[in-house]
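Breakdown of the fold
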Amino acid sequence: MKKRILLSEICILKKRLHCRFNKSLSLSSERIPGDDDPLYADVPKPRRKKAERKPYPTPMKVLIARAKEETAARKAQPCRMLEDPPDNGLLVPELVEVAHRVYRARRSLLFGLSKLVQPIPLQRCSYCSEVHIGHVGHEIRTCTGPKGGFRSATHVWRKGGVQDVIFSPKSFHLYDRVGKPRIVHDERYSVPRIPAIVELCIQAGLDLEKLPTRRRTKPVYSIEGRIVDFESVTEKDGLGRRNLYLKNVDIVVDSKFGTNTEMATTSVLENASDLLDQSNDGEGKNLRDLSIRTLDSWFEMISGAKKMMEKYNVMTCGYCPEVQVGPKGHKVRMCKASKHQSRKGLHAWQEATIDDLVGPNYVWHVRDLNAPALDNNLKRYYGKAPAVVELCVQAGAPAPDQYRSMMRLDVVPPARDEVDLVA
């Protein structure tokens, strides 16, 4: 009797160990080999529904906690001088040079793209924002434009340009980002709109002749949540003074626009023009050098913009691609996205990400420009990459490490007649 009890207990223990061993195997098999790799990036998901709101970069609980802390600090000290830039109206010293580098990188990027789109074919859908790089547009049915159901979501391709490669939304220019951070509806035609990344550079320390901005030398005060500036303005036209942090930048005083910074873009443009003159010889090496420089400018612009966005606020609408650089979003009633009737045309402002400031505009990766069009039945085997990266790679630049997994360079797609044979 005791032997039978011992045998039954041994069998139960064996079954439990066997189940645990199988569970550990199943869990290990579900893991992705490169998921822990920081360079691993999967193909971006399809575009969300227009009725859904963009996800918040910062959780709502954290935002509520910050608001409560600011309210408590305001009640404890109603009148206080703001010490941390750029909230106090002063510039962040270490970001002034970053703003100049980003502006130079943007100009170099646009110059390089304008030359790369000439030898590299670029296609753009006539009904939606889809872009494809190749002699023939792809056959993947992802068109979301008008009457897409009658065409079975197929794209209608036409020739594209530089404006289709990189998406750069515009923002209202703020003369005083602290004293008057909002643009009202009546000022929508009197205030200029410029690319948002240029506006970010201006607020971070870049001075342009035709876009003056106020530069303070003393911090502002906060009285019960309202900004009060006790700094005396001596200039009649109201333009700001020269900032104390611009010591290493050559300043040219202009009687009409106040201060103007001479940008050090001549060397970049001269190098790019030399590459263009050499590329006219038809050699692939010169085109490859131009594509590498353009790709480096893209990464320099993105990395610098991320650094500035850590200090300078950038707002975006939760339903449409509108962007406003500054502490607050504007009050212009121009939103036409979902649920805009309940907001009376106002935007639903929230924190922006780098993709909202500079849209990457992902495109399908093509291994050979002269190959047949991409098949809709094989779309799960194709990779994607930002349009700038794909254009530079097709021109001869090496594929960046952070996009190699997204482009699926290690995947061999089957042929059209082998679709049924692949599981």
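This write-up is about the structure you can find in this document. (Residues numbered from 1 in each chain as written. Predicted model: local features only at pLDDT ≥ 70, side-chain atom pairs only at ≥ 80, totals over all residues. Heavy atoms only, no water.)

This brings us to the overall build of the chain. Secondary structure assignment for the chain yields 10 helices and 15 strands. In the chain, of all internal contacts separated by at least 6 residues, the share reaching a separation of at least 24 is 71%. (Helix = DSSP H or I, 4+ residues; strand = E, 2+ residues; numbered from the N terminus. Contact = heavy atoms within 4.5 Å.)

Further remarks concern helix 9 (residues 387–394). Of all eight residues that make up helix 9, eight are buried, and the element is covered over most of its length. Turning to helix 9, its buried residues are Ala 387, Val 388, Val 389, Glu 390, Leu 391, Cys 392, Val 393 and Gln 394. Where helix 9 terminates, the next one or two residues include Gly 396, which has phi positive at roughly 125°. (Buried < 20%, exposed > 50% of the residue type's maximum accessible area, 1.4 Å probe, protein only.)

Turning our eyes to something else, we now look at the sheet that holds strand 4 (residues 157–159). The three strands are arranged 3-2-4 in an open sheet whose pairing can be described as antiparallel. Because the sheet does not close on itself, it has two edges, and the strands there are strand 3 (131–133) and strand 4. Taking the axes of each pair of neighbouring strands and ignoring which way they run, one obtains an average angle of 35° across the sheet. For strand 2 (residues 122–125) and strand 3, the ladder comprises three bridges, and the chain directions are antiparallel. By the bridge assignment for strand 3, Arg 124 is matched with Val 131. (Pairing = 2+ DSSP bridges. Axes fitted to C-alpha atoms, helices over the stretch in contact; angles between N-to-C directions.)

Here we come to a negative patch on the surface. A cluster of like negative charges, contributed by Glu 69, Glu 70, Glu 83, Asp 84 and Asp 87, occupies part of the molecular surface. Within the secondary structure, Glu 83 sits in the loop between strand 1 (79–81) and helix 3 (93–116). (Patch = residues over 30% accessible without salt bridge, like charges linked within 9 Å, V, L, I, M, F, W, Y side chains within 5 Å. Areas by Shrake-Rupley, 256 points an atom, 1.4 Å probe, with all protein chains shown as cover. Salt bridge = Lys/Arg side-chain N within 4 Å of Asp/Glu carboxyl O. Lys, Arg positive; Asp, Glu negative; His and termini not counted. Charge placed at Lys NZ, Arg CZ, Asp CG, Glu CD.)

This paragraph deals with unusual backbone geometry. With an omega dihedral of 5°, the bond running from Pro 85 to Pro 86 counts as a cis peptide bond. Look at Lys 147: it is not a glycine, yet its phi comes out positive at around 60°. A relative accessible area of 64% places Lys 147 in the exposed class.

On to the packing of helix 3 against helix 9, then. At a closest axis distance of 11 Å, the pairing of helix 3 and helix 9 adopts a crossing angle of 55°. Relative to helix 9, helix 3 is oriented oblique. Considering the relative orientation of helix 3 and helix 9, their crossing is left-handed. Along its contact with helix 3, which presents Leu 109, Leu 113 and Leu 116, the element helix 9 presents Val 388, Leu 391 and Cys 392. When its residues are assigned to classes, the contact of helix 3 with helix 9 shows six nonpolar, no polar and no charged. (Parallel < 35°, antiparallel > 145°, perpendicular 65-115°, else oblique. Left-handed = near helix turned anticlockwise from the far one by under 90°. Nonpolar A, V, L, I, M, F, W, Y, C, P; charged D, E, K, R; others polar.)

Moving on, we come to the packing of aromatic side chains. Under the counting rule described, the total for this entry stands at two aromatic pairs. With 6.5 Å between their ring centres and 80° between their planes, Trp 364 and Tyr 382 make a pair best called edge-to-face. You can see Trp 364 sitting in strand 14 (residues 362–364) and its partner Tyr 382 sitting in the loop between strand 14 and strand 15 (384–386), a full 18 residues away along the chain. The burial state of Trp 364 is the same as that of Tyr 382; both residues are buried. If you follow Arg 151 out to its NZ or CZ, it ends over the ring of Tyr 127, 4.1 Å from the centre. Geometry around Trp 364 places Lys 384 over its ring, the cationic atom sitting 4.6 Å from the centre. (Phe/Tyr/Trp six-rings, centres within 6.5 Å; stacked < 30°, edge-to-face > 60°. Lys NZ or Arg CZ within 6 Å of the ring centre and 35° of its normal.)

Approximately 1700 Å³ is the volume attributed to the second largest pocket. As for the second largest pocket, its lining consists of 40 residues, of which Arg 66, Glu 70, Asp 87, Asn 313 and Pro 327 are closest to the centre. Only helix 2 (60–76), strand 1, strand 8 (226–228), strand 11 (314–317) and strand 13 (349–351) provide two or more residues apiece to the lining of the second largest pocket. In terms of residue count, the dominant contributor to the lining of the second largest pocket is helix 2 (six residues). (1 Å grid on protein atoms, 1.4 Å probe; cavity = no way out; pocket = protein on both sides within 12 Å on 5 of 7 lines; lining within 4 Å. Points joined across faces, edges and corners; volume = space filled by probe spheres on them.)

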